[in-house]
Amino acid sequence: MKNNIKLIVISLSFLFLSYIGIQLFVPSDGGGKQIEIEIPEGASYRQAIDILAKNNLIRDRNLFTVVGRITRLDKRIRAGYYVFWGNMSPIQVLKKLKSGRIIEYEITIVEGDSLLEIGRKLAYNKIMPLEVFNSLTKDRDLLSSLDIDAPSFEGYLFPQTYKFAKGAKPVAVLKLMVNKMRDEFNDELRERAEEIGWSENQVLTLASIIEREAKTDEERPLISAVYHNRIKKGMPLQADPTAIYGVKSNKHKITRNDLRKKTDYNTYVIKGLPPGPIASPGIKSIQAALYPAKVPYLYFVSKNDGTHYFSKTLSEHNAAIKRIKAMKESARLEKEGLSASKTSEEDGIPKESQTFWGVSEEG
């Protein structure tokens, strides 16, 4: 009798272990096709198990409920979209769920990107439709809820590489990028802003102009100094990138007509800073806006090699422009194999209203 009971116990144990083995290690009848499922935000582990079972990725829901408790997966399941294959075993499905490897899209926001570029990148990477982005980034209630005192999110979306989960809420995406900016714009920098009497929006606005003007890190504090000095003297900033903001892409040439256009951002026709940033500044430009170099410069003009000539007076500035034009003409003549012994001076040496770094002769 005892032997019979022992045999029954062994048999039942074998059957039980075989059952568990089949349930854990034998793929369900899902074929080899790819299966994409969503674990909704706030879903419980039990709800996740139901979703897996409905997609034929597991069979015994009760067994996986127990396994989840043992592995504590029921306490930390990650919401999002997962990709499975029909030939995966249930234990492989469980491991993937435990790893939290959801579908994510990577996007890189570079220093100097405007809302236009950022919106297109988010749409291209299927993070949010462009029309949704355009609407949200100008939503007054959303701006107010994030304590953004600016016309839009321009300049508040910090440039770096992000990974966003498929199905991420558009508002959550924007909040993450704003929070990253404020993490970088730390307490020390905020204290410095208070020290010089500047608001967050003013700092980001100047930083965005510096970002668009500077090509080298060494010149960021110098360019910042030019604008700080002009503000102190009540001079117009005359920052070329502001003349085309909201009018055309920064990749287009800036013409004399652009400098004359009356917009809220064109610092050739308005006094002081624009109402908000014109692009997303990086941390180096933010720091430069807060810590300008201690120099007396009021002008700068591009050397066409990524660096600039800086000048204290208009006459020095005009001389620098004349010198650059002569160098360009000499290089052109040399390239054409002609004598550069005499370079004619061009008419209309820029006066006070001239751009800092030169514009196209169109217009």
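Residues numbered from 1 in each chain as written. Predicted model: local features only at pLDDT ≥ 70, side-chain atom pairs only at ≥ 80, totals over all residues. Heavy atoms only, no water.

(A) Focus on the pattern of salt bridges. Counting across every chain of the model gives 15 salt bridges. Among the salt bridges present, the one from Glu-36 reaches Lys-166, with a minimum N-O distance of 2.4 Å. Here Glu-36 is found in strand β1 (residues 34-39), whereas its partner Lys-166 is found in the loop between β4 (161-165) and α8 (170-184), with 130 residues between them in sequence. Taking the relative accessible area as the measure of exposure, Glu-36 reaches 38% and is therefore partly exposed. We note a salt bridge from Lys-284 to Asp-217, for which the minimum N-O separation is 2.7 Å. Linking Lys-284 in helix α14 (residues 283-290) with Asp-217 in the loop between α10 (200-213) and α11 (220-233), this pair joins segments that are 67 residues apart in sequence. (Salt bridge = Lys/Arg side-chain N within 4 Å of Asp/Glu carboxyl O. Helix = DSSP H or I, 4+ residues; strand = E, 2+ residues; numbered from the N terminus. Buried < 20%, exposed > 50% of the residue type's maximum accessible area, 1.4 Å probe, protein only.)

(B) Seen up close, helix α3 (residues 61-71). For α3, the complete set of buried residues consists of Leu-63, Phe-64, Thr-65, Val-67 and Gly-68. N-capping of α3 is provided by Asp-60, with a side-chain oxygen placed 3.0 Å from the backbone N of Asn-62. Arg-72 sits one or two positions beyond α3 and adopts a positive phi of about 65°. (Polar contact = N/O pair within 3.5 Å; in protein donor to acceptor, adjacent residues only side chain to side chain.)

(C) Representation of the nonpolar core within the structure. Formed by 51 residues in total, the largest nonpolar core has its most connected members in Leu-122, Phe-153 and Leu-157. In terms of residues, this core owes the most to one element, α10, which gives 6 residues. (Core = buried A, V, L, I, M, F, W, Y, C linked by side-chain atoms within 4.5 Å.)

(D) Representation of the packing of α10 against α11. Contact pair α10 / α11: the axes reach a minimum separation of 10 Å and the direction vectors enclose 125°. Between α10 and α11, the angle falls in the class oblique. α11 is crossed by α10, and the crossing has right-handed handedness. Seen from α10, the contacting residues are Leu-206, Ile-209, Ile-210, Glu-211 and Glu-213; seen from α11, they are Arg-220, Ile-223, Ser-224, Tyr-227 and His-228. Grouping the constituent residues of the contact of α10 with α11 by class yields 5 nonpolar, 2 polar and 3 charged. (Axes fitted to C-alpha atoms, helices over the stretch in contact; angles between N-to-C directions. Parallel < 35°, antiparallel > 145°, perpendicular 65-115°, else oblique. Left-handed = near helix turned anticlockwise from the far one by under 90°. Contact = heavy atoms within 4.5 Å. Nonpolar A, V, L, I, M, F, W, Y, C, P; charged D, E, K, R; others polar.)

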